[in-house]
Amino acid sequence: MTTQPPIPQAENPARLTGLKLDEPYVVAAGMEAVAVSMKTVYEEAGVNRGLKALFKLNQKGGFDCPSCAWPDPDGHRSAIAEYCENGAKAVAEEATEKALFADFFAEHSVADLAQLSDRDIGKQGRVAEPMYLPAGAAHYQPISWEAAFDMIATHLNSLQSPDEAVFYTSGRTSNEAAFLYQLFVREYGTNNLPDCSNMCHESSGVALLESVGIGKGSVTLEDFYEAEVIIVMGQNPGTNHPRMLTALQQAHRNGAKIIAVNPLPEAGLMGFNNPQTLKGALGMDSQLTDLFLQVKLNGDMALLQAIERLLLDEEEKQPGSVFDHPFINEHTEGYEALIQHLRQQNASKLAALSGVPLAQIQEAVSLLKHKSKIIICWAMGLTQHANAVDTIREVVNLLLLKGSIGKPGAGTCPVRGHSNVQGDRTMGIWEKPPKYLLDNIKARFGFEPPHHHGFDTVEAIRAMHEGRAHVFFAMGGNFLSATPDTQFTAEALRRCRLTVHVSTKLNRSHLVHGREALILPTLGRSDRDLTGGTDQFVSCENSMGVVQASRGVLEPVSDQLLSEPAIVCRLAKATLAGRTRINWDTYEQHYDFIRNEIAQVIPGFRDYNEKVRQPAGFYLPNGARERKFNTRNGKANFNVALATVPALSEGEYHMMTIRSHDQFNTTIYGLDDRYRGVRNERRVVFMNPKDISAAGFTPGEVVDIYNTTDGKERVARTFILVAYDIPPRCIATYFPEANVLVPISTTASKSNTPVYKTVPVKLRKGEVAI
Ligand SMILES: Nc1nc2c(c(=O)[nH]1)N[C@H]1C(S)=C(S)[C@@H](COP(=O)(O)OP(=O)(O)OC[C@H]3O[C@@H](n4cnc5c(=O)[nH]c(N)nc54)[C@H](O)[C@@H]3O)O[C@H]1N2
Ligand SMILES: Nc1nc2c(c(=O)[nH]1)N[C@H]1C(S)=C(S)[C@@H](COP(=O)(O)OP(=O)(O)OC[C@H]3O[C@@H](n4cnc5c(=O)[nH]c(N)nc54)[C@H](O)[C@@H]3O)O[C@H]1N2
Ligand SMILES: [Mo]
């Protein structure tokens, strides 16, 4: 089918890099993290550029860290280090001085570049001018911006329907760019706006909307300092949200009990040395987790129901002492149905299903019983399962029973991934647009936006695969590597007439392309943006609904980069020409004009230009935070669901695909996963030592992993077995190497999120000699 080069993760046996194993850490951060940050930044960006960038990172008046979406403190910010090791790595990756101009692409063919590992592709540097790959060509060649926009416009305008184009977004795109992008796409005529959120917190959004009427979390950072109990489920903050550890530590000092629910004893969760304090720097800081519940993969719903069932027993012994009846009566619906359901459940059976011993669940119940300031945090360990939406609704059930929402120290805390993924959704990057958004767009701009739903990520892949979509446009991201079923997605992209990527850095999606392909180089978060001849800033929304300005400080690596808002404006003008009702030119003159539009169209943004200039930004309205539940019935809704864990056949395991400490999603910074004791290798499988021997393997042996969902064999070759403290029949590999095994047909009900955390797989001896 293809003359394109093979994809190492999907079509080739991969090379190993030389595993070295250490003891896993029990405590995260400390001075080692600071040393690693400094080293990475200086190596990539040089001392001057590096220092300049780090000094402005997450400071008021500086730029928002491009790494995760954890909020910055509203008040005092440490002048030297309001960032973490992994934020520093993200900045270093972007601030690199290596720039790829036409001569680089003339020298290296697409086929040559495709031989490189993901890490080495990323390390080549920033894309520095627009590049075009003609049909059948071996090399990308330079193209002017104008010609590139004309080419995209010609393709888009030759489609039979706007619904044959797909417009993907990754979560670094600013509010300003995202708003313009969705506006252009809707004026063009489609809601095909899939985004990384579809693979990330979509399950949280769906669940929270149904349960409490807002698809975002309800807590603020201040709530952490007042909480009595904080449960962290399915999240590895030591690696993915390191600054969260500072908040957890403060909460712990203020007396909060911390319960960690995870199949792995993750270093950051178990303990944390805060490098911003002297004690922490010296490695003398505290233990964080009071109770570690080592749940089986997807055992969370069973665990939560076991807790609720036991709380019900306590409540019945002493009515009114455990559940918050005034809150339940006034604000919720479905309590009786839930209680009836819980009465039919057997705590021991639920405990067995969850993998957590009943005695430990009892401990959790004792911690929770008489407390009501409870926060539950979660991330991908809950969202990427078939029953994710119901599991998250179970999280809310527990909070509602305790009245733990909409008051200080309590509430929901889905911890977001990309730094502006939440803001992009607020701005209308949504394939299922709410009616108010379409109405407001119509009222302000005078065109009728399409009402029928567009494709989400998985639907977009299928549409491209089946020839129902022909043009793929990506505002950031690395679609090929982030999506499930790598081989299938590759076929889908290769069937497109045109694939376009607005990117900062080179990645594998540029090398697995449509008949023609374009790379449009853009400014990153840390870059100075002089669009319209003035210093522009953009804005982002963090995980707690705070919108803040972000102003890049570094000189861009090339004068041929355009900002994302400028790219959208020019694309819109080229594509819509005389058809448009919108004066795109003004937005390129000053971003204040974009924010003025946002203020009129998006709720909560009135006086945006003024408010965003306040030093710490502003909070968006949040009904759940005030016990105003904007659901259909105006109540917070309990949900009744049966706890299930998918069954395993003989020789089968549940595989989760997780992040190492040295990556940001598909951007691989390095080959170490320091806290888990893994160095210099990513092709590893974490497995329970008893399972290893029961299967007749030995640690260190090389295996192939395979999946046969839908009767089709998917194989990921050459992984080294690492004996690890992980529950039986559960194994772990890294994303994106193992994405080839994730069947596209298995997605979460209601959110359609790929099931990246319970992939049914088997292992066999590695076939390829290494
Ligand atoms: N440095 C860095 N920061 C990042 C990212 C990055 O790649 N690197 N990615 C960003 C993005 S987009 C996101 S979405 C977040 C992701 O942040 P996380 O969700 O922390 O990322 P994962 O590595 O997917 O980790 C999932 C965690 O859930 C656990 N887990 C897996 N399955 C289950 C389960 O069934 N139940 C329970 N209770 N736990 C389970 C795993 O052991 C692991 O600790 O981080 C963001 N921040
Ligand atoms: N197996 C498995 N797969 C997963 C997951 C998992 O846990 N397991 N997690 C899922 C999750 S939570 C997510 S969010 C997705 C992530 O999916 P994506 O968001 O698509 O992937 P990223 O790796 O974050 O995208 C990195 C690329 O974005 C580009 N980029 C970086 N900064 C900018 C910028 O400022 N502007 C522009 N235009 N481009 C930029 C760079 O070219 C870089 O190569 O992956 C999902 N895939
Ligand atoms: Mo994410």
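Before reading on, note that the structure itself is shown above.
Summary of the structure given here. Keep in mind the model is a prediction, meaning the values are calculated, not measured. (Residues numbered from 1 in each chain as written. Chains lettered and ligands numbered in written order. Predicted model: local features only at pLDDT ≥ 70, side-chain atom pairs only at ≥ 80, totals over all residues. Heavy atoms only, no water.)

### Remarks on the overall build of the protein chain
Thinking step 1. Looking only at helices and strands, the protein chain features 32 helices and 30 strands.
Thinking step 2. Overall size of the protein chain, expressed as C-alpha extent along the three principal axes, is 75 × 65 × 55 Å.
Thinking step 3. Counting over 770 residues, the protein chain shows a buried share of 65%.
Thinking step 4. For the protein chain, restricting intrachain contacts to residue pairs at least 6 apart in sequence, the fraction spanning at least 24 positions comes to 79%.
Thinking step 5. Charge separation in the protein chain, taken as the distance between the mean sites of 77 positive and 87 negative side-chain charges, equals 2 Å. (Helix = DSSP H or I, 4+ residues; strand = E, 2+ residues; numbered from the N terminus. Buried < 20%, exposed > 50% of the residue type's maximum accessible area, 1.4 Å probe, protein only. Contact = heavy atoms within 4.5 Å. Lys, Arg positive; Asp, Glu negative; His and termini not counted. Charge placed at Lys NZ, Arg CZ, Asp CG, Glu CD.)

### Regarding the site of ligand 2
Thinking step 1. Contacts to ligand 2 come from 29 residues, most closely from Tyr-168, Ser-170, Ala-482, Thr-666 and Asn-739.
Thinking step 2. The separation between an oxygen atom of ligand 2 and a polar side-chain atom of Lys-757 is 3.0 Å.
Thinking step 3. Protein burial of ligand 2: of its 920 Å² of free accessible surface, 96% is covered by the chains.
Thinking step 4. The residue inventory of the shell around ligand 2, partitioned by class, reads 10 nonpolar, 14 polar and 5 charged. (Near = heavy atom within 4 Å. Polar contact = N/O pair within 3.5 Å; in protein donor to acceptor, adjacent residues only side chain to side chain. Areas by Shrake-Rupley, 256 points an atom, 1.4 Å probe, with all protein chains shown as cover. Nonpolar A, V, L, I, M, F, W, Y, C, P; charged D, E, K, R; others polar.)

### Digging into the side chain of Asp-64
Thinking step 1. Residue position: Asp-64 is located in the loop between helix 3 (47–56) and helix 4 (85–95).
Thinking step 2. Of the polar contacts made by the side chain of Asp-64, one reaches the side chain of Arg-525; its length is 3.3 Å.
Thinking step 3. Among all residues touching Asp-64, those that are not within four sequence positions of it are Leu-57, Asn-58, Asp-72, Ser-419, Arg-525, Cys-540 and Ser-550.

### Some words on the packing of aromatic side chains
Thinking step 1. Applying the stated rule across the entire model yields 23 aromatic pairs.
Thinking step 2. Put simply, the rings of Phe-167, Tyr-181, Phe-184, Tyr-188 and Phe-473 pair up and form one aromatic cluster.
Thinking step 3. Above the plane of the ring of Phe-664 lies Arg-172, whose end atom (NZ or CZ) is 5.0 Å from the centre.
Thinking step 4. The ring of Tyr-653 carries Arg-729 above its face, with NZ or CZ at 6.0 Å from the centroid. (Phe/Tyr/Trp six-rings, centres within 6.5 Å; stacked < 30°, edge-to-face > 60°. Lys NZ or Arg CZ within 6 Å of the ring centre and 35° of its normal.)

### Concerning the site of ligand 1
Thinking step 1. Ligand 1 sits among 31 residues. The nearest are Asn-262, Glu-266, Asp-300, Gln-663 and Asn-665.
Thinking step 2. Separating an oxygen atom of ligand 1 from a backbone N or O atom of Asn-236 is a distance of 2.8 Å.
Thinking step 3. Asn-240 has a polar backbone atom sitting 2.9 Å from a nitrogen atom of ligand 1.
Thinking step 4. Across the complex, the protein chains shield 99% of the 920 Å² of accessible surface that ligand 1 would expose by itself.
Thinking step 5. When residues of the shell around ligand 1 are traced back to their parent elements, those giving at least two are helix 12 (237–240), helix 21 (380–383), strand 22 (653–658) and strand 23 (663–664).
Thinking step 6. Along the lines of polarity and charge, the residues of the shell around ligand 1 split into 12 nonpolar, 15 polar and 4 charged.

### Here's the deal with the packing of helix 16 (residues 300–317) against helix 18 (residues 335–343)
Thinking step 1. Between helix 16 and helix 18, the shortest axis-to-axis distance is 10 Å and the interhelical angle comes to 100°. As far as their axial angle goes, helix 18 and helix 16 are roughly perpendicular. The segment helix 16 lies against helix 18, with Gln-305, Glu-308, Arg-309, Leu-312 and Glu-316 engaging Leu-338, Ile-339, His-341, Leu-342 and Arg-343.
Thinking step 2. Here the contact of helix 16 with helix 18 is built from residues that sort into 4 nonpolar, 2 polar and 4 charged. (Axes fitted to C-alpha atoms, helices over the stretch in contact; angles between N-to-C directions. Parallel < 35°, antiparallel > 145°, perpendicular 65-115°, else oblique.)

### Regarding the pairing of strand 8 (residues 229–233)
Thinking step 1. Of all 5 residues that make up strand 8, 5 are buried, and the element is covered over most of its length.
Thinking step 2. On strand 8, burial covers both faces: Val-229, Ile-231 and Met-233 on one face and Ile-230 and Val-232 on the other are all buried.
Thinking step 3. As judged from the 5 bridges shared by strand 8 and strand 9 (residues 257–261), these two strands associate in the parallel manner. Bridged to Ile-231 within strand 9 is Ile-259.
Thinking step 4. In terms of strand pairing, strand 8 meets strand 13 (residues 374–378) through 5 bridges, oriented parallel. Each residue of the ladder has a partner; that of Val-232, found in strand 13, is Cys-377. (Pairing = 2+ DSSP bridges.)

### Re the pattern of salt bridges
Thinking step 1. Enumeration over the complete set of coordinates arrives at 43 salt bridges.
Thinking step 2. A salt bridge links Glu-314 to Lys-369; its shortest N-O distance comes to 3.6 Å. Remark: Lys-369 occurs in helix 20 (residues 358–369) and Glu-314 occurs in helix 16; sequence separation between them is 55 residues.
Thinking step 3. Of the charged contacts in the structure, one is a salt bridge between Asp-485 and Arg-714, with a shortest N-O distance of 2.8 Å. Placement of the pair is Asp-485 in the loop between helix 26 (479–482) and helix 27 (486–494) and Arg-714 in strand 28 (residues 714–723), with a sequence separation of 229 residues. Of the two residues examined, Asp-485 and Arg-714, each falls in the buried class. (Salt bridge = Lys/Arg side-chain N within 4 Å of Asp/Glu carboxyl O.)

### A short note on the side chain of Arg-676
Thinking step 1. Take Arg-676: it is sitting in the loop between strand 24 (667–668) and strand 25 (678–679).
Thinking step 2. Arg-676 sits in the buried class, given a relative accessible area of 5%.
Thinking step 3. Within polar-contact distance, the side chain of Arg-676 engages the side chain of Glu-266 at 2.9 Å.
Thinking step 4. Residues within four places of Arg-676 in sequence aside, it is in contact with Pro-24, Asn-236, Leu-264, Glu-266, Ile-658, Arg-659, Ser-660, Phe-686, Tyr-724 and Tyr-734.

### Comments concerning the sheet that holds strand 20 (residues 618–619)
Thinking step 1. An order of 18-19-20 is seen for the 3 strands of this open sheet, with the pairing classed as antiparallel. Because the sheet does not close on itself, it has two edges, and the strands there are strand 18 (538–541) and strand 20.
Thinking step 2. In the sheet, strand 19 (residues 546–550) pairs with strand 20 via 2 bridges, with the strands oriented antiparallel. Opposite Val-547, over in strand 20, you have Phe-618 as the bridge partner.

### Quick notes on the sheet that holds strand 27 (residues 702–707)
Whenever strands of a sheet pair, they do so through backbone hydrogen bonds, lying parallel or antiparallel.
Thinking step 1. Ordered in space as 22-29-26-28-27-30, the 6 strands form a closed barrel in which the pairing is mixed. Ignoring strand direction, the axes of neighbouring strands in this sheet form an average angle of 45°.
Thinking step 2. Pairing of strand 27 with strand 28, which is carried by 5 bridges, proceeds in the antiparallel orientation. When the bridges of strand 28 are listed, Ile-705 appears paired with Ala-716.

### Description of the nonpolar core
Thinking step 1. Of all hydrophobic cores here, the largest spans 58 residues; its most connected members are Phe-184, Leu-520 and Trp-584.
Thinking step 2. The element that contributes the greatest number of residues to this core is helix 9 (residues 175–188), accounting for 8 residues.
Thinking step 3. Beyond its immediate chain neighbours, meaning those up to four positions away, Leu-520 contacts Trp-145, Ala-148, Phe-149, Ile-152, Phe-473, Val-500, His-501, Val-502, Ser-503 and Ile-567.
Thinking step 4. If you look at the next biggest cluster of nonpolar residues, it comprises 57 residues, including Ile-231, Ile-328, Val-356 and Val-395. (Core = buried A, V, L, I, M, F, W, Y, C linked by side-chain atoms within 4.5 Å.)

### A short note on the pairing of strand 30 (residues 759–765)
Thinking step 1. For strand 22 and strand 30, the ladder comprises 3 bridges, and the chain directions are antiparallel. Opposite His-654, over in strand 30, you have Pro-760 as the bridge partner.

That is the geometry; function is a separate question.
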